[in-house]
Amino acid sequence: MAPRSTSADRPPRSELPDLPRRGEEELRDRQRRGVLRVRVAADFRRLVAEVGLAEAYGATDVVVAAEATFTDQASLVLNLGPTDPPIRPREPQIDGVAALAGGSGSDLVLPIGGGDGFRHGGAQALATLLAGGSVELSAAGDPTPLQPRRELHTRLDLERIGNGRLLLHRGIVENGVVAVSSAEGVIHSAWGPLLGPFGNALFSASGADSIGLAMPGLALLGPGSPVLVGGGIGWVVGTGSAHQPHPRRLGSGHARSPGAVAALSVDLHALEGRWVRACQFEGHGSALLVAIAAPIPLLDGPTAAQAATPDAELEAPVLDVSIPRRIKPSFGGVSYAALKAGAIAVDGNRIPAAPCHSPRLAQELAEELAERLRADRFPLRLPLLPLAARPALIPLEA
């Protein structure tokens, strides 16, 4: 087994070796010729620990990072064909879940979260479609001379949906949080059940293996950047919900809090059910577990050094989520090495820690993307534009 990398093993930023810079066309040429050297993030870090940054950089063109996290901040957009006679739908429901009608056509938007009794929502409807099943569609009509129909009752499956897209409003988040509760009893949260006071801790990001901590600032992602989402080629559409490009950062450039956010879009018919799972958080609502992987081209020494940063040198903020306020009490940061070891110390308490994400699904999709990159079955592109520098995390005063 390769030795573990520590801060003492790696030179300070100012002492990084002067590594030759690479360009996009050089990497794309290597991909076309079938000689692109691709490693998943964990393998690249192990190689750096064994042979040093300069030699590892010389043997690696692209690092693949991945994550599989839960989200209820997503929408399924369906473009349906016309009925006969035509209908202008209002108050549509898909699989018993309230949807939104878009304009005068048959475009529908199904929220992924929420749902009947918080147990059946858009996530479950999507899972049914991906499993090859059908869902019920019903709607009232808003009669017009050209769209006189008053009611619609039918069933939909993937073959009857002409076009659909899954929109992930917080598709890639630069860093995560560690959720704890100071309250007595059980708190049902978006991270899962929290036992209090300080009975357990749930962490939402996968540390050095995640996209945002292998690529600080999501610097190599922008509108139009390709990413692998649930097994299909998806695209960054711009900044996502609560985008904060200027968080507090470590000396290495890595965010100490969630930070930058990229919104993603992926074709419904390209999704694969093994990498998109419906779930339900008691007391909170339905959500999706979505595996996402992204290539990180190693363009220079700093890019490589940031991708090689180990869990011991990365941290996430510990937040008391039992306080129902916008600004929650913080207990500082803890390292991902401690989180993955299974316990952290908070306010004098030793708390067991567990992931509220799926390292296994993330690893599987990372390997899948690495293979597609080597085989020239996934586009390798640098962004035309970076993510916006303007923060989207602006509090709503009321």
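This is a predicted model, so every value here is computed, not measured.

About the criteria used
Residues numbered from 1 in each chain as written. Predicted model: local features only at pLDDT ≥ 70, side-chain atom pairs only at ≥ 80, totals over all residues. Heavy atoms only, no water. Helix = DSSP H or I, 4+ residues; strand = E, 2+ residues; numbered from the N terminus. Rg over C-alpha atoms; globule rule 2.2 N^0.38 Å. Buried < 20%, exposed > 50% of the residue type's maximum accessible area, 1.4 Å probe, protein only. Contact = heavy atoms within 4.5 Å. Core = buried A, V, L, I, M, F, W, Y, C linked by side-chain atoms within 4.5 Å. Arc of directions from axis to C-beta. Polar contact = N/O pair within 3.5 Å; in protein donor to acceptor, adjacent residues only side chain to side chain. pLDDT = per-residue confidence, 0-100. 1 Å grid on protein atoms, 1.4 Å probe; cavity = no way out; pocket = protein on both sides within 12 Å on 5 of 7 lines; lining within 4 Å. Points joined across faces, edges and corners; volume = space filled by probe spheres on them. Phe/Tyr/Trp six-rings, centres within 6.5 Å; stacked < 30°, edge-to-face > 60°. Lys NZ or Arg CZ within 6 Å of the ring centre and 35° of its normal.

Chemist: Mind laying out the overall build of the protein chain, listing which residues take part and the relevant values?
Modeler: On a plain count of helices and strands, the protein chain comes out with 8 helices and 23 strands. For 398 residues, the compact-globule formula gives about 21 Å, and the C-alpha radius of gyration of the protein chain, at 23 Å, lands near that figure. Seen through its principal axes, the protein chain has C-alpha atoms that stretch 75 × 60 × 40 Å. Relative to its 398 residues, the protein chain shows a buried fraction of 48%. Relative to all contacts within the protein chain whose residues are 6 or more apart in sequence, the contacts with residues 24 or more apart total 72%.

Chemist: Tell me about the nonpolar core, and name the residues and values.
Modeler: Counting residues in each nonpolar core, the largest one holds 84 residues, and the members touching the most others are Phe44, Leu126, Leu166, Ile172, Ile211 and Leu373. Here this core takes 8 residues from strand β19 (residues 285–297), the largest share from any one element. If near-sequence neighbours (up to four positions away) are discounted, Ile211 is found in contact with Ala65, Ala66, Glu67, Ile172, Leu218, Leu221, Ile292, Ala293, Ala294 and Ile296. Ala201, Leu213, Val318 and Ala353 belong to the second largest nonpolar core, which has 18 residues in total.

Chemist: Got a sec to walk through helix α2 (residues 41–51)? Specific residues and values, please.
Modeler: Within α2, burial applies to Ala41, Phe44, Arg45, Leu47 and Val48. Buried residues of α2, viewed axially, fall in a sector of 160°; they line one side. Two residues or fewer after α2 comes Gly52, characterised by a positive phi angle close to 95°.

Chemist: Mind laying out the side chain of Asp300, listing which residues take part and the relevant values?
Modeler: Summarising the element assignment, Asp300 is placed in the loop between β19 and α6 (301–307). Among the residues examined, Asp300 registers a relative accessible area of 18% and is labelled buried. Within the local environment of Asp300, its side chain forms a polar contact with the side chain of Thr303, the two groups lying 2.6 Å apart.

Chemist: Provide a residue-level description of the confidence of the model for the protein chain, including the pertinent values.
Modeler: When pLDDT is averaged across the protein chain, the result is 92; 94% of the residues are at 70 or more. Overall, residues 1–14 carries pLDDT values under 50, and its contacts beyond four positions in sequence, including any with other chains, amount to 23 contacts.

Chemist: Break down the layout of surface pockets for me, citing the residues and quoting the values.
Modeler: Where empty space is left becomes clear once a probe the size of a water molecule has been rolled over the atoms. Its boundaries defined by the atoms lining it, the largest pocket holds a volume of some 1,600 Å³. What lines the largest pocket is a set of 45 residues, and nearest its centre among them are Arg170, Val177, Trp191, Pro258 and Leu319. Of all the secondary structure elements, the ones that give two or more residues to the lining of the largest pocket are β2 (62–71), β10 (163–173), β20 (315–320) and β21 (330–335).

Chemist: Mind laying out the packing of aromatic side chains, listing which residues take part and the relevant values?
Modeler: By the definition in use, this model includes 2 aromatic pairs. With a centroid separation of 5.5 Å and 85° between ring planes, the pair formed by Phe198 and Phe331 is classed as edge-to-face. In this pair, Phe198 sits in the loop between β13 (192–196) and β14 (201–203) while Phe331 sits in strand β21, placing the two residues 133 residues apart along the sequence. Judged by relative accessible area, Phe198 falls into the buried class, the value being 16%. For the cation-ring pair, Arg22 lies above Tyr57, with the distance from its terminal atom to the ring centre recorded as 3.9 Å.

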